[in-house]
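Below are the chains, spelled out letter by letter.
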There are 2 protein chains.
Amino acid sequence: MGRPDRPPRGRRGGAAARRHRHHGRVRGRPLPEAHRRHRPHVRRHRHGAGRVSRAGPGLRGSAGRSAGQRGQRTHMTTAADTPGIVECGRPEEDVRGFRRALGHFATGVTIITAQCEGHLAGMTANSFSSVSLDPPLVLWSIDKGSHSLSLFEQATCFAVNVLAADQLELAGRFARSGADKFAGVGWHPGLGGAPCLPGASATFECRKHSVIDAGDHFILLGKVERYQRADRDPLLFAHGRFALSVDYPVIAREAASPATSTSDQPTMLGLLWDAFTGMSHGFQAERDALGLSVSQGRVLSLIERYPGAGPELVARKAYVSPQGLEDAVQALVAAGFLTVNRNGCWNLTVSGREHVALRRKRAAATEASQLKAFSAAELEATCKVLRALGSEVPVASSGPAT
Amino acid sequence: MGRPDRPPRGRRGGAAARRHRHHGRVRGRPLPEAHRRHRPHVRRHRHGAGRVSRAGPGLRGSAGRSAGQRGQRTHMTTAADTPGIVECGRPEEDVRGFRRALGHFATGVTIITAQCEGHLAGMTANSFSSVSLDPPLVLWSIDKGSHSLSLFEQATCFAVNVLAADQLELAGRFARSGADKFAGVGWHPGLGGAPCLPGASATFECRKHSVIDAGDHFILLGKVERYQRADRDPLLFAHGRFALSVDYPVIAREAASPATSTSDQPTMLGLLWDAFTGMSHGFQAERDALGLSVSQGRVLSLIERYPGAGPELVARKAYVSPQGLEDAVQALVAAGFLTVNRNGCWNLTVSGREHVALRRKRAAATEASQLKAFSAAELEATCKVLRALGSEVPVASSGPAT
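Given the structure is predicted, the values throughout are model-derived calculations rather than measurements. (Residues numbered from 1 in each chain as written. Chains lettered and ligands numbered in written order. Predicted model: local features only at pLDDT ≥ 70, side-chain atom pairs only at ≥ 80, totals over all residues. Heavy atoms only, no water.)

A. Structural context of the pattern of salt bridges. As enumerated under the stated definition, the model contains 34 salt bridges over all chains in all. Among the salt bridges present, the one from Asp327 of chain A reaches Arg99 of chain A, with a minimum N-O distance of 3.9 Å. Remark: Arg99 of chain A occurs in helix H3 (residues 95-102) and Asp327 of chain A occurs in helix H10 (residues 322-334); sequence separation between them is 228 residues. In this structure, Asp327 of chain A and Arg99 of chain A share a single accessibility class: buried. Glu225 of chain B is the salt-bridge partner of Arg207 of chain B, the closest N and O atoms lying 3.5 Å from each other. Of this pair, Arg207 of chain B sits in strand E11 (residues 202-214) while Glu225 of chain B sits in strand E12 (residues 217-230), and the two are 18 residues apart along the sequence. Arg207 of chain B sits in the partly exposed class, given a relative accessible area of 35%. Residue Glu225 of chain B is classed as buried on the basis of its relative accessible area, which comes to 14%. By sharing partners, the salt bridges in this structure join Glu87, Asp94, Arg96, Arg99, Arg100, Glu326 and Asp327 of chain A together with Arg229 of chain B into a single network. (Salt bridge = Lys/Arg side-chain N within 4 Å of Asp/Glu carboxyl O. Helix = DSSP H or I, 4+ residues; strand = E, 2+ residues; numbered from the N terminus. Buried < 20%, exposed > 50% of the residue type's maximum accessible area, 1.4 Å probe, protein only.)

So, in structure tokens, the structure goes:
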């Protein structure tokens, strides 16, 4: 119940992942992620000779291809000037690092459900992908070790519920093993009885098409018999954290400006976006300087706020996946900031408390420095305007209160 | 070249899609999407009898499953109270609607590359998905009609380049067929010579593992031999448009507040987010009232600004995929707002120009109404503060200028 090692894609990790976790916790003490970030280990194999800064002119002009250097056979090189590389390697050697890299591909979040002989299964997954339009096929992957595997094997149908931005609680509930995940959820049966969840951004009712053996997972292909979509913003998952999608910033600005405007005067909406992004980056830079990732910082602050908290509370309050939480905790324990007590809950060490105090001091200093150029009257007017504009936020977009 | 019907997932649509497009353009005049949104067609088959508002108590308490109504066999029902449904149906009957529903699952954006006998292939795809950790497997899908198919079939390796937020131009370039997509891109060869693109958020160098026939696409599985990740925010694709990811809002607020704060006083960062979201929703409500989707409104405004513009310019400036653009244009033509000239470029009709003028007037009125409660001095102070905070935005986050 409440396994902390179940990632949101609905798998508990393969044999290698389990071996690795064991190794990481008991036999080794790996550096926390943030420490590695400041000492990036980038292999520069055959650099220079192997690097092609620009593809040659097309030898064949056919669409969709272009000819580069003929006979190019240099393997495993890394351009020295690729900016901001924080980690690289071979998956077999660091499965956690591999998973962190996979987290750079952002996804939506789904709950996939099925019903067989009156029994229900449902699991949070982000491995959904559309495949074909004719016939309409989609796929997702299920861990061979999943408790729900046999039900999905037996069921002839499944439903893909694409979650909306305000369905974060459901995402967390179906990512854990639990007695009755469907309790209190007003679902209705779709094709083959598979539960369709209310409030989803989209739903795909599928007949199972085929099952493909793929490493420690099975890929399930489904033929979509029926789709449905609602006017709801999607929930996102990126870097092990839940997130929201916003339109590309220039567009937000253009949407608010007259189409024939020749003025360079930004609109209020554009100013708000730029100010939000600018301040966020200030805090991010300060966090980076203190050597913790976003998730690690959140987890540390939450355990200071709720001493003795366990995985479920912290994952929910920090908006990280169970797997993202496990990664963060491992790093914080290795850094000496956290201790694990007998029942698997956490407390800060003295240096953990000192680090939180330092972060708090630096955050206050950062905000003060960002705002120091303004008079009290200017800040008061700004807060008044922002508060009034913000009062128009619909409930579904403002996120659950903590 | 520059095919407008190529979606970002690197497929040109199956036979049914092509048939459907033909039907939609020539034989039928479907309602624009926005018109349908105001007359949602929701099938309520066997409603009431078939609806289960709450799963029954667990008959088996085993983890990962719970027992619901036994023998539940009701198919294709839809809960009447599911909020905000705008479209539903069977994929065979409306492939565009199906594709719109698929767009509700947000994804990152990748460029997948390969090299074979000195020839290069690269295509924008969002069908990437991680599959297995041990062995490390990932997958993506390629249209059987793709120009690049034979090269990907022959190559033994491919590289998955996960794009960062500022790589929108690359995403557009590799989504189209073109003479030399790699010209001027400082790539370097990875495993098997597959081009690794600089500035990517993550890269996976893969050896081809297997190919699965799946409808109008092939699924390519690759074994990841090497991964790399950089400290760069990901580019997103959702609802046919490019987008950015932001942290779940409550977190942005907590990140900026002292960990032990007992005050309910929101921070400046929280105020900025709420104000941005509040204003955005005001504009969204106004757009909805005028009966155009976000993409349709953008396309209309851009063609007013650039009369006679063609697909490439408009897709780039509107931050929509070629497929999203085609959908929007079809709806705007059907609504009588656009005409297509001989060389496939567009101009507004009289009613199109009138609609743009109306939108402009309403947008100005919306902003004026949102700001009317404040004095000139308050607005001046607010703009001064926002402008200063926004000046700290790093270039990579502010998006390309239009």
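Resuming the write-up.
B. Broad picture of helix H5 (residues 168-175) of chain B. All names here are of chain B. Counting buried positions over the 8 residues of H5 gives 6, a clear majority of the element. The complete set of buried residues in H5 reads Leu168, Leu170, Ala171, Gly172, Phe174 and Ala175. Buried residues along H5 sit in contact with strand E4 (110-116), strand E5 (119-125), strand E13 (235-238), strand E14 (241-247) and helix H10 (322-334). (Contact = heavy atoms within 4.5 Å.)

C. Quick peek at the pairing of E5 of chain B. All names here are of chain B. Of all the 7 residues making up E5, 7 are buried; the element is thus mostly covered by neighbouring parts of the structure. Neither face of E5 is open: one carries His119, Ala121, Met123 and Ala125, the other Leu120, Gly122 and Thr124, and all of them are buried. Note: E4 against E5, 7 bridges, orientation antiparallel. Bridge assignment links Ile112 to a residue of E5, and that residue is Met123. Where E4 folds back on E5, the antiparallel hairpin that results is connected by 2 residues, among which Glu117 adopts a positive phi of roughly 50°. (Pairing = 2+ DSSP bridges.)

D. Summary view of the side chain of His217 of chain A. By the secondary structure assignment, His217 of chain A is in strand E12 (residues 217-230). At a separation of 3.1 Å, a polar atom in the side chain of His217 of chain A contacts the main-chain carbonyl oxygen of Val131 of chain B. (Polar contact = N/O pair within 3.5 Å; in protein donor to acceptor, adjacent residues only side chain to side chain.)

E. Expanded view of the packing of aromatic side chains. One pass over the structure, following the stated rule, counts 22 aromatic pairs over all chains. Here the aromatic rings of Trp140 of chain B and Phe158 of chain B are separated by 6.0 Å at their centres, their planes lie at 70°, and the arrangement is edge-to-face. Here Trp140 of chain B is found in strand E7 (residues 137-143), whereas its partner Phe158 of chain B is found in strand E8 (residues 157-162), with 18 residues between them in sequence. For the pair formed by Trp140 of chain B and Phe158 of chain B, the shared burial category is buried. In this structure, Lys144 of chain A packs its charged tip against the face of Phe218 of chain A, placed 4.9 Å from the ring centre. (Phe/Tyr/Trp six-rings, centres within 6.5 Å; stacked < 30°, edge-to-face > 60°. Lys NZ or Arg CZ within 6 Å of the ring centre and 35° of its normal.)

F. Focus on the nonpolar core. Ranked by size, the top nonpolar core spans 40 residues in total, and within it Met268 and Leu272 of chain A together with Met268 and Leu272 of chain B carry the most contacts. Breaking this core down by element, the ones donating at least two residues are strand E14 (241-247), helix H7 (268-289), helix H11 (350-371) and helix H12 (376-390) of chain A together with E14, helix H7 (268-289), helix H11 (350-371) and helix H12 (376-390) of chain B. Apart from residues no more than four positions distant in its own chain, Met268 of chain B is found in contact with Met279, Glu367, Leu371, Leu379, Thr382, Cys383 and Leu386 of chain A together with Leu389 of chain B. (Core = buried A, V, L, I, M, F, W, Y, C linked by side-chain atoms within 4.5 Å.)

G. Local environment of the packing of helix H8 (residues 294-305) of chain B against H11 of chain B. Residue and element names in this part refer to chain B. Between H8 and H11, the shortest axis-to-axis distance is 10 Å and the interhelical angle comes to 110°. Here H8 is positioned roughly perpendicular relative to H11, judged by the angle of their axes. Of the residues in H11, those touching H8 at Gly297, Leu300, Ser301 and Glu304 are Gly352, His355, Val356, Arg359 and Arg360. (Axes fitted to C-alpha atoms, helices over the stretch in contact; angles between N-to-C directions. Parallel < 35°, antiparallel > 145°, perpendicular 65-115°, else oblique.)

H. Focus on the pairing of E8 of chain B. All names here are of chain B. In terms of residue burial, E8 counts as a mostly covered element, since 6 of its 6 residues are buried. Judged by which residues are buried, E8 turns out to be covered on both faces: Cys157, Ala159 and Asn161 on one side and Phe158, Val160 and Val162 on the other are all buried. Here 4 bridges tie E4 to E8, and the two strands are oriented antiparallel to one another. Across the sheet, residue Ile111 finds its bridge partner in E8, namely Asn161. Note that E8 and E11 share 6 bridges and pair antiparallel. In the strand pairing of E11, Val162 is matched with Ala202.

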